Each structure stands twice: as structure tokens, then as C-alpha cells.
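Structural overview for review
These are the residues of each chain, in order.
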Amino acid sequence: MGQVNVSQAKVPLVDLQAQYRSIKPEIDAAIAGVLERGTFVLGPEVEAFEKESAAYCGTEHGIGVASGTDALELILRAYGIGPGDEVITPAYSFVATALAVVLVGAKPVFVDVEPETCNIDAKLLRKAITPRTKAIIAVHLYGHPFDVTPVAAIAKEAKVKLVEDCAQAIGAIANGKRVGSFGDAAAFSFYPSKNLGAYGDGGLVVTSDRSLAERLRALRWYGSADRTTVTELGRNSRLDELQAAILRVKLRHIERWNAARAKHAEKYTELFKQRALNRAVFPLQRPGCRHVYHLYPLRIPGRDALRQALQKQGIATQVHYSYTLAEQPVLAKIAGAGSFPVAESIARTVLSLPLYPELTDAQIATVVDAVSGALPS
Ligand SMILES: *Cc1c(COP(=O)(O)O)cnc(C)c1O
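Before going into details, it helps to say that this report is about the structure given with it. (Residues numbered from 1 in each chain as written. Predicted model: local features only at pLDDT ≥ 70, side-chain atom pairs only at ≥ 80, totals over all residues. Heavy atoms only, no water.)

1. A word on the overall build of the chain
The condition is simple: Counting from the N terminus, the helices are the DSSP runs of H or I reaching at least four residues and the strands are the DSSP runs of E reaching at least two. Exposure is judged per residue with a 1.4 Å probe applied to protein chains only, and the accessible area is read against the type maximum: over 50% gives exposed, under 20% gives buried, and values in between give partly exposed. Residue contacts are counted whenever heavy atoms from the two residues lie within 4.5 Å of one another. Here, Shrake-Rupley sampling with a 1.4 Å probe gives the accessible areas, and only protein chains in the shown set may cover a residue. When charges are counted, neither His nor the chain ends are considered; positive counts come from Lys and Arg and negative counts from Asp and Glu. Charged groups are reduced to one reference atom each: NZ for lysine, CZ for arginine, CG for aspartic acid, CD for glutamic acid.
Each helix and strand in the chain was counted, giving 14 helices and 12 strands. Summarising its shape, the C-alpha atoms of the chain cover approximately 65 × 55 × 35 Å along the three principal directions. Within the chain, the proportion of its 377 residues that are buried is 57%. When contacts within the chain are restricted to residue pairs at least 6 apart in sequence, long-range pairs at least 24 apart make up 71% of them. A total of about 15,600 Å² of accessible surface is found on the chain, and carbon and sulfur atoms cover 53% of it. Charge separation in the chain, taken as the distance between the mean sites of 43 positive and 38 negative side-chain charges, equals 3 Å.

2. Focus on the packing of aromatic side chains
Here is the rule we go by: Planes of paired rings set the category: under 30 degrees apart is stacked, over 60 is edge-to-face and the rest tilted, where pairs are Phe, Tyr or Trp rings (Trp by its six-membered ring) whose centres lie within 6.5 Å.
Enumeration over the complete set of coordinates arrives at 9 aromatic pairs. Measuring from ring centre to ring centre gives 6.0 Å for tyrosine 268 and phenylalanine 272, while their planes differ by 5°; the resulting arrangement is stacked. A residue pair is termed a helical-turn pair when its members lie 3 or 4 positions apart in one helix, as tyrosine 268 and phenylalanine 272 do in helix H10 (residues 254-274) at 4 residues. Here tyrosine 268 and phenylalanine 272 have matching classes, each one buried. With a centroid separation of 4.8 Å and an interplanar angle of 35°, the aromatic rings of tyrosine 268 and tyrosine 296 are classed as tilted. Of this pair, tyrosine 268 sits in helix H10 while tyrosine 296 sits in strand E11 (residues 296-299), and the two are 28 residues apart along the sequence. Given the relative accessible area of 0%, tyrosine 296 is considered buried. Each member of the aromatic cluster is reached from another via a ring pair, and the members are Tyr268, Phe272, Phe282 and Tyr296.

3. Comments concerning the state of the cysteines
Put simply, the rule reads: In plain terms, two cysteine sulfur atoms within 2.5 Å form what is called a disulfide here.
Applying the stated rule across the entire model yields 0 disulfides. No disulfide involves cysteine 57; its nearest neighbouring cysteine sulfur is the one of cysteine 166, lying 6.7 Å away. Cysteine 57 gets classed as buried once you look at its relative accessible area, which sits at 3%. Among the cysteines around cysteine 118, which has no disulfide bond, cysteine 289 carries the closest sulfur, lying 14 Å off. Classification of cysteine 118 by relative accessible area gives buried; the value is 4%.

4. Re the packing of helix H11 (residues 303-312) against helix H14 (residues 361-374)
Counted only if it meets this: To define axes, lines are fitted to C-alpha atoms, for helices over the stretch in contact only, and angles between the resulting N-to-C directions are given on a 0 to 180 degree scale. These descriptions rest on fixed angle ranges, namely under 35 degrees for roughly parallel, over 145 for roughly antiparallel, 65 to 115 for roughly perpendicular, and the rest for oblique. It is the rotation of the near helix from the far one that decides the hand of a crossing: anticlockwise by less than a right angle makes it left-handed, clockwise makes it right-handed. When residues are sorted by character, Ala, Val, Leu, Ile, Met, Phe, Trp, Tyr, Cys and Pro go into the nonpolar class, Asp, Glu, Lys and Arg into the charged class, and all the rest, Gly among them, into the polar class.
Taken N-terminus to C-terminus, the directions of H11 and H14 make an angle of 130°; their axes are 10 Å apart at the nearest point. By the angle between their directions, the pair H11 and H14 is classed as oblique. Here H11 runs over H14; the crossing is right-handed. Residue-level contacts link Leu306, Ala309 and Leu310 of H11 to Ala370, Val371 and Ala374 of H14. Tallied by class, the residues present in the contact of H11 with H14 amount to 6 nonpolar, no polar and no charged.

Spelled out as C-alpha cells, the structure:
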């Protein structure tokens, strides 16, 4: 991942400064408030943000942690998942989804994804479950909900935990409910370029399971529930007050920002269709779903040449992601070999175009012109 410095680009991939400028008085006041109060870790801002974000997701509890990766890892730890256990994840996601499994000593088991949404293919899920399976981590990749009804039904039937990786999907909706409310627990990341981004690292777990929430609060504080006796091997993994104060401000704007992302994504697709870009596959939104377009991943043969041509014209793009999880060396060693043809084909052809709420129609037109101009007709 990593943030790209794109200040020279005519169209950057993301523009975090533009967003800051649009809400500067609110952000500056929130930061000053924390500095004046002098509480920097686990104070009133974190507590308020946990309540507000859990309510936004339609869950009872929110637990702020240091990152999205920690959120996933701590959920697995809280469920007592470790060596000898298997956790199913999609074969295609950001590497942290499967890293969390390896970090607790369990084995990731990959399931191929659907070509339409790039999310875990529920039709292949049942076959991957073994007596050692303890959980399924399903990802709402790119901001589109995974197929929640069958995935939740299979998890329930197999009596395994369903963990939602919501890192790219805050605010996305399936069947009238926000993501984060379908599983036993859900993990969010506030990495700066996510739809809800902090000015540093941050993460969150939401759940309606009270005992899980209590366990997570202990695990993020060295393994102590009462802050005196350490009853389990915990971590230091906390969301800090400055980030929580910033996130509280930004949460008030997330609906507007997600709507702007969706509008821009629809504009891209509309313009590409007018240009008859026939060899390209565009992101789609399934009926009953609200896509929050963390990214606009076009899929197109000749991706690398296109990327270079766009770069020459000052248009920043990025590949999310060049490898399937099964192809990542550190994961492959533990998970073993496997063939995931859909994930592999996405990895070879996917290219994220510039997308952020402040993107203008003129910039979208520039990108579309450059893409169609760079492709052989
Ligand atoms: C960003 C991301 C993570 C990890 O979040 P961090 O806050 O960077 O640790 C996990 N899963 C997915 C799908 C992500 O996009």
C-alpha cells in the first residue's frame, strides 16, 4: 500500500490536502481541544468515537485499536484462535487480511473470489470448511459488500465465527444494513487514504457481543481488564485521542464523501461506456447493495502499459493488488499451494484510477480521455 507522493501529478490518486482544506476549521478545533485537555490515550474522544461509530454501523460496541491489522488480529486472539486452527479468507485482498491469521499462529485457507465484485465466492465457501476451521474473515473489497446472506448462513451452519474486514467499506450497505453488523465482529482501518481516514494509523472493532468487547478492551491494554492484574497475553494497541477527535469530525462527513465517490465512479463508467471501451471490466453495484467505492478498479488487458502511458501524462494510478494472497511468499509458506484462477486474473489486469470525494468532473474527463487514447482501438 503506502502513500504515494503525487503532488506533481495532474490528477493524483487521492488528495488528502484538499479534504483537509474543506474541513480545516473543524479539524483544527478538534486537535486544539485534545491538546488543551491533555489526555492523549484512551480518553473521552476515543470513548465518544467508539459509541458514535458503533451506532453508525448498527452495532452495540466499538473498541478503538492501533490499526486495521491489529483489529483483525485482536479479534482472532479474543476468540482464542491460534496454532492448529484454520481461518478462511478470500484469495484476493490486501495482505493484512491473511497476515492477521498468521500472526496468531493459525493457518489461512484461501477461497477464490467472484469475478463481478472481487469478493469471496460464497459458492466455493462450504468446500473450504474443515473440522479445524474456526472463523471466516470475509472482506468488503473496494467498498462493495460481500454476498452477506449466504456467507453468514454458511458460517452459522458450520458454527464458525464470521469476521468482516470492513477496512475499505465504512458506510457500505447490504439488504438495508451497514457493513460491520453482519458478522460476529468487524474490523475497520483508518489509514489516511481509507474512506474514513485518520492523520496517522488507527483501527476499530465493532461487535454486538458484550463479552468479546470486554476481552478486546483487555487485549488492547496489555491483557488486563482492570488495569491491575494481567490475566492474558495482551498487546499495546490503542487508538489515540488526537486520531479519535479527527475521526469524530470526519465521521460527520462520511455520508457526503461516500456519495461523492459513488457519483464519480458512476461518471467514470458512463464515460467509458460511451467510448465503447469493450475490453474493460468496470466496477458494478449489485442490486440491494450500496458500494462506497474506496477504489475505482478498472480491469483491462495490457494494464502495465496503460499504467505507464497514464503516468507520462501526469495521471497517477495504482495496482490494488498485484498478487493474490496465495502468491505472497510469507503466506504461501503456511497456506500451501492452491489455484485461484479468478483472483489471479484480477491481479494481472486490475488498475485503480484516481478517486476521492474532491475529484472534479474535469479531472474525470481528463482520465477517461487519457485511458481511451492510450488503448489500441
Ligand atoms: C487497509 C486494510 C487493512 C489493514 O489496515 P491497516 O490499518 O493498514 O493495518 C486490512 N484489510 C484491508 C482489506 C485493508 O484495505
